[in-house]
Amino acid sequence: MIVETKQLRRCDVVVAKGRIDTSTVKTLADALSEITNNGRYRIALNLKAVTFISSAGLGELIATQNTCKKLHRGELVLVEVPRRVSEVLDLAGLTPLFKIYDSELEAVGDF
Amino acid sequence: MTSSQTLTMPGYFKNLARIADFVTTAAADACLDAKAVYAVQMAVEEACTNIIEHAYGGEGKGQIQIACIPKTEGLQIIITDQGVAFDPDQIPRLDTTASLSERNRRGMGMFFIYNLVDRVDYQFETPHGNQLTLFKKRL
């Protein structure tokens, strides 16, 4: 998988592409932790180009959200979630734990 | 109806993508719809991850065999390993209503296996090894 990050004034945008499974999740985890380790906790994660996400990837989203929301310092929001990924989030009851946006513009603007 | 296909791979996480390709092709060939194909892919992914992590206790310690058998009503998948058996009933159930702070980053695999396919059957320590049989109906 490929992860691209861009730091904006209000938040960081992370774009993930490809498969997020046990063998690739570290790439995403490293990108997200680099942001939070630098004291930045407002993250928009664009999943449009994610073809598959396993429970390992979902676990990373949960962990990052917990980190970001601690002490109300920020949050992780999801952008352009593919239909199949959205169905899995719903199935596991994870949808209420994340704000979900149809575009990066909306997500960034809401921070 | 297409014929049965079998893939045997060493238990490495890097092989999950190859296994996914194999299973999604078989599911599509069995005329499962896109949602069902993704569901089967994820159930198999979670099962294979569990085999590597728990049955074998790590990567590179055994093989995983995946057999895809088209049936009149859908697709049967049999996943076989030679690792350690476990009791599925001892795995804590996922609470889908849990709050963020109550969520664990791990432990969702079994939930997805049971909830993404129509039938799940574990058989341990058979002459062939441990076997997980999944069945996904064609709608």
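A quick note: this is a predicted structure, and the numbers were derived from the prediction, not measured. (Residues numbered from 1 in each chain as written. Chains lettered and ligands numbered in written order. Predicted model: local features only at pLDDT ≥ 70, side-chain atom pairs only at ≥ 80, totals over all residues. Heavy atoms only, no water.)

## A look at the sheet that holds strand β1 (residues 5–10) of chain B
Residues and elements named next belong to chain B. The five strands are arranged β1-β2-β3-β5-β4 in an open sheet whose pairing can be described as antiparallel. Since the sheet does not close on itself, it has two edges, and those belong to β1 and β4 (119–126), each with one partner. Geometrically, the sheet is characterised by an average inter-axis angle of 15° between neighbouring strands, direction not taken into account. In this fold helix α1 (residues 16–29) packs onto β1, β2 (63–70) and β3 (74–81), with an angle of close to 170° to the strand it touches most, β1. (Pairing = 2+ DSSP bridges. Helix = DSSP H or I, 4+ residues; strand = E, 2+ residues; numbered from the N terminus. Axes fitted to C-alpha atoms, helices over the stretch in contact; angles between N-to-C directions. Contact = heavy atoms within 4.5 Å.)

## Observations regarding the sheet that holds strand β3 (residues 42–53) of chain A
Strand pairing in a sheet relies on backbone hydrogen bonds. The paired strands run either parallel or antiparallel. Residues and elements named next belong to chain A. If you trace the five strands from one edge of the open sheet to the other, you get β1-β2-β3-β4-β5, paired in mixed fashion. Both outer strands of the open sheet, β1 (2–7) and β5 (100–101), are each paired with one neighbouring strand and no more. Across six bridges, β1 lies against strand β2 (residues 12–20) in antiparallel orientation. Directly across from K6, in β2, lies its bridge partner V13. Across the sheet, helix α2 (residues 55–69) is in contact with β2, β3 and β4 (75–79); its angle to β4 comes to roughly 135°.

## Re the interface of chain A and chain B
Each partner contributes residues to the interface: chain A has 26 residues there, and chain B has 29 residues. For the pairing of chain A and chain B, the buried interface totals around 2,200 Å² over both sides, and the portion due to carbon and sulfur atoms is 66%. Summed over the three residues of chain A that lose the most area to chain B, namely F52, R84 and L91 of chain A, the buried surface amounts to 24% of that side. The tally of links between chain A and chain B comes to two salt bridges. Between R19 of chain A and E45 of chain B there is a salt bridge, with its nearest N and O atoms 2.6 Å apart. (Buried area = accessible area lost by both parts, 1.4 Å probe. Salt bridge = Lys/Arg side-chain N within 4 Å of Asp/Glu carboxyl O.)

## What to know about helix α1 (residues 25–37) of chain A
Residue and element names in this part refer to chain A. Here α1 spans 18 Å end to end across 13 residues, near enough to the 18 Å set by a 1.5 Å rise per residue. Restricting attention to buried positions, one finds in α1 the residues V25, L28, A29, A31, L32, I35 and T36. Within α1, the buried residues cover an arc of 165° as seen down the axis, which keeps them to one side. When the buried face of α1 is taken as reference, the exposed residues oriented beyond 90 degrees from it are K26, E34 and N37. (Expected span 1.5 Å × (residues − 1). Buried < 20%, exposed > 50% of the residue type's maximum accessible area, 1.4 Å probe, protein only. Arc of directions from axis to C-beta.)

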